[in-house]
Amino acid sequence: MGRPPPFHGIRRNIGQWVVVGVKATDRPVVRIRGREPVAFEMVQLTQRSRDIFFLAMCCAATFALKLWSHEARVTPGHGDTAYYFHVAQNLHAGRGFVCDYVWSFLENPSATVPAPSHAWWMPGPSVIAWLGMLVAGAPTYTAAKVAMALFTSLFPLVVWFTAIRCFRDRTIAIRATLPSVAFHPFIDQPSAPLSQGPYGVIVGAALALLAGGRSTRSAARGSARSSASPTISAATR
C-alpha cells in the first residue's frame, strides 16, 4: 500500500475512517484502515447558495423574534386585532365574512348584527389568520398569530431583492437586510393579526419587482409583474 500524503491538520479517527491529509489546494484524502487512500471532492458552496443560506437564516431569525415577542399574548388585546381575529374565526366556522358585533358605525351604520365584515378595513389579515387556523385545525389566537408571524417573516427577503435590483450590490443588500430582521416596527405589530405586516411585505415585493429596470423593456416587464401587487396590497390595508 502506498504511503499516505503528508498530514496537514488534526488527525481524527471516526470509526474505521481516518482523515490522513487535508491541504488548502488539494482534495481531502481519507484512508480506511487496511485499504488504499481515497480522495474525495470538496463541496464548495456557490455564491447563490450562500445568499440563500443567509436569507433563510434572516427569515428564520425574525420569525423566532416574532414568536418570542408575542409568546405571552394569548388573546387579541386590541380592538383592531380582535376584529380581524373574530372574522377569521367566522371563516373557520364556515360563516364567511361576517361580524357579530358593531365594530364601527362607519362600517355598520344600521347597527344590525350579524353584518358583512370588512367594509372599512380590508380582509387580508383575517384571511392569513384563517389559514393558520386551517392548518392548526383550531380557531385559536395562537394559530392566527403564528400564521401572521410566518407570513411577515418574508420581509428580509423582500428587502434583499429590492436592494439587489436597485443597487446591484450584495454588500448594500446585506446591510439593508440585517436591520430588517429585528427592526422594531416589523417585530411587534406584524406578529399580530393586523394589516401593517402583510401590507409591508406585499407593497415591498411590488417595489422590488418594479425597481431596477435598466431599459424601457425591462422596466415594462417589471411593471407587468408588479401590476397585481397593488390590488393584493389593497386587500390588506
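Cut-offs applied
For every chain, the first residue of its written sequence is number 1, and the numbers climb from 1 along that sequence. A pLDDT threshold of at least 70 governs which residues receive local features in this predicted model, and a stricter bar of 80 or more applies before side-chain atom pairs are shown or counted, although totals over entire chains, interfaces and linings include all residues. Excluded from the side-chain calculations are hydrogens and water; all other atoms, namely the structure's heavy atoms, are used. Counting from the N terminus, the helices are the DSSP runs of H or I reaching at least four residues and the strands are the DSSP runs of E reaching at least two. Each residue's exposure class comes from its accessible area (1.4 Å probe, protein chains only) as a fraction of the maximum for that residue type: buried when under 20%, exposed when over 50%, partly exposed otherwise. A 1.4 Å probe and the Shrake-Rupley method give the accessible areas. Residues count as covered only by the protein chains that appear here. Nonpolar cores are built from buried Ala, Val, Leu, Ile, Met, Phe, Trp, Tyr and Cys residues. Side-chain atoms within 4.5 Å join them into one set. By the convention used here, residues are in contact when the closest approach between their heavy atoms is within 4.5 Å. Note on scores: pLDDT gives the predictor's confidence for each residue, bounded by 0 and 100. One speaks of a salt bridge when a side-chain nitrogen belonging to Lys or Arg is within 4 Å of a carboxyl oxygen belonging to Asp or Glu. For helices, the fitted line uses only the C-alpha atoms of the stretch in contact; every axis is such a line through C-alpha atoms, and the angle between N-to-C directions lies from 0 to 180 degrees. What sets the label is the angle itself: under 35 degrees gives roughly parallel, over 145 gives roughly antiparallel, 65 to 115 gives roughly perpendicular, and the rest give oblique. Throughout, a crossing is termed right-handed when the near helix is turned clockwise from the far one, and left-handed when it is turned anticlockwise from it by less than a right angle. Polar here means any residue other than Ala, Val, Leu, Ile, Met, Phe, Trp, Tyr, Cys and Pro, which are nonpolar, and Asp, Glu, Lys and Arg, which are charged; Gly is therefore polar. Here, a disulfide means two cysteine sulfur atoms that sit within 2.5 Å of each other. The span expected for a helix works out to 1.5 Å for each residue beyond the first.

## Examining the overall build of the protein chain
1) Next: Secondary structure summary: the protein chain contains 9 helices and 6 strands in total.
2) Next: Burial status across the protein chain gives 34% buried among its 237 residues.
3) Next: Put simply, the protein chain shows about 13,900 Å² of open surface, and 65% of that area lies on carbon and sulfur atoms.

## A word on the nonpolar core
1) Next: Grouped together as the largest cluster of nonpolar side chains are 13 residues, with contacts concentrated most on Tyr83, Phe85, Met133 and Ala144.
2) Next: Elements that contribute at least two residues to this core include exactly helix H2 (79-92), helix H3 (124-136) and helix H4 (141-152).
3) Next: In contact with Met133, not counting residues within four places along its chain, are Phe85, Ala88, Gln89, His92, Ala138, Pro139, Thr140, Ala143 and Ala144.
4) Next: Membership of the second largest hydrophobic core comes to 7 residues, among which are Phe54, Leu55, Ala163 and Val181.

## Here's the deal with unusual backbone geometry
1) Next: A cis amide bond links Val113 to the next residue, Pro114, at an omega of -10°.
2) Next: Its place among the elements puts Pro114 in the loop between strand E5 (98-99) and strand E6 (115-116).
3) Next: Its identity as a non-glycine residue notwithstanding, Arg168 has a phi of 55°, on the positive side.
4) Next: Relative to the elements of secondary structure, Arg168 occurs in the loop between helix H5 (155-167) and helix H6 (170-182).
5) Next: On the basis of relative accessibility, which here comes to 43%, the residue Arg168 falls in the partly exposed class.

## A look at the confidence of the model for the protein chain
1) Next: Considering every residue of the protein chain, the mean pLDDT works out to 77; 70% of them sit at 70 or more.
2) Next: Long-range and interchain partners of residues 4-26, a stretch whose pLDDT sits below 50, account for 39 contacts in this model, where long-range means more than four residues apart.

## Considerations on the pattern of salt bridges
1) Next: Per the counting criterion, the structure on display carries 2 salt bridges.
2) Next: Across the pair Asp51 and Arg170 runs a salt bridge, and its minimum N-O distance is 2.7 Å. Pair noted here: Asp51 is in helix H1 (residues 47-69) and Arg170 is in helix H6, with a separation of 119 residues, a long-range link.
3) Next: Exposure remark for Asp51: the relative accessible area of 13% places this residue in the buried category.

## With respect to the packing of H4 against helix H7 (residues 196-210)
1) Next: Interaxial distance between H4 and H7 falls to 9 Å at its minimum, and their mutual angle equals 25°. Judged by the inter-axis angle, H4 sits roughly parallel to H7. Judged by the twist between their axes, the crossing of H4 over H7 is left-handed. Here Met148, Phe151 and Thr152 of H4 come into contact with H7, specifically with Gly197, Pro198, Val201 and Ile202.
2) Next: The class makeup of the residues in the contact of H4 with H7 is 5 nonpolar, 2 polar and no charged.

## Description of the state of the cysteines
1) Next: Throughout the structure, instances matching the rule amount to 0 disulfides.
2) Next: The thiol of Cys58 is not disulfide-bonded; the next cysteine sulfur, from Cys59, is found 6.9 Å away.
3) Next: On the basis of relative accessibility, which here comes to 15%, the residue Cys59 falls in the buried class.

## Topic: H5
1) Next: Compared with the 18 Å implied by 1.5 Å per residue over 13 residues, the 18 Å span of H5 between its first and last C-alpha is a close match.
2) Next: Along H5, the positions that sit buried rather than exposed are Phe155, Pro156, Val158, Val159, Trp160 and Ala163.
3) Next: Contact partners of the buried residues in H5: H1, H4, H6 and H7.
4) Next: Where H5 terminates, the next one or two residues include Arg168, which has phi positive at roughly 55°.

## Remarks on H3
1) Next: When the terminal C-alpha atoms of H3 are compared, their 19 Å separation across 13 residues agrees well with the 18 Å that a helix rising 1.5 Å per residue should span.
2) Next: Taken as a whole, H3 has its buried residues at Gly124, Pro125, Ser126, Ile128, Ala129, Gly132 and Met133.
3) Next: Those residues of H3 that are buried are in contact with H2, H4 and H7.

## Some details on the environment of Thr81
1) Next: Inspection of the secondary structure assignment puts Thr81 in helix H2.
2) Next: Exposure remark for Thr81: the relative accessible area of 3% places this residue in the buried category.
3) Next: Between the alpha carbons of Thr81 and Pro125 there is a distance of 9.1 Å; along the sequence they are 44 residues apart.
4) Next: Not counting the four nearest positions on each side in its chain, Thr81 is found in contact with Pro76, Tyr141, Ala192, Pro193 and Leu194.

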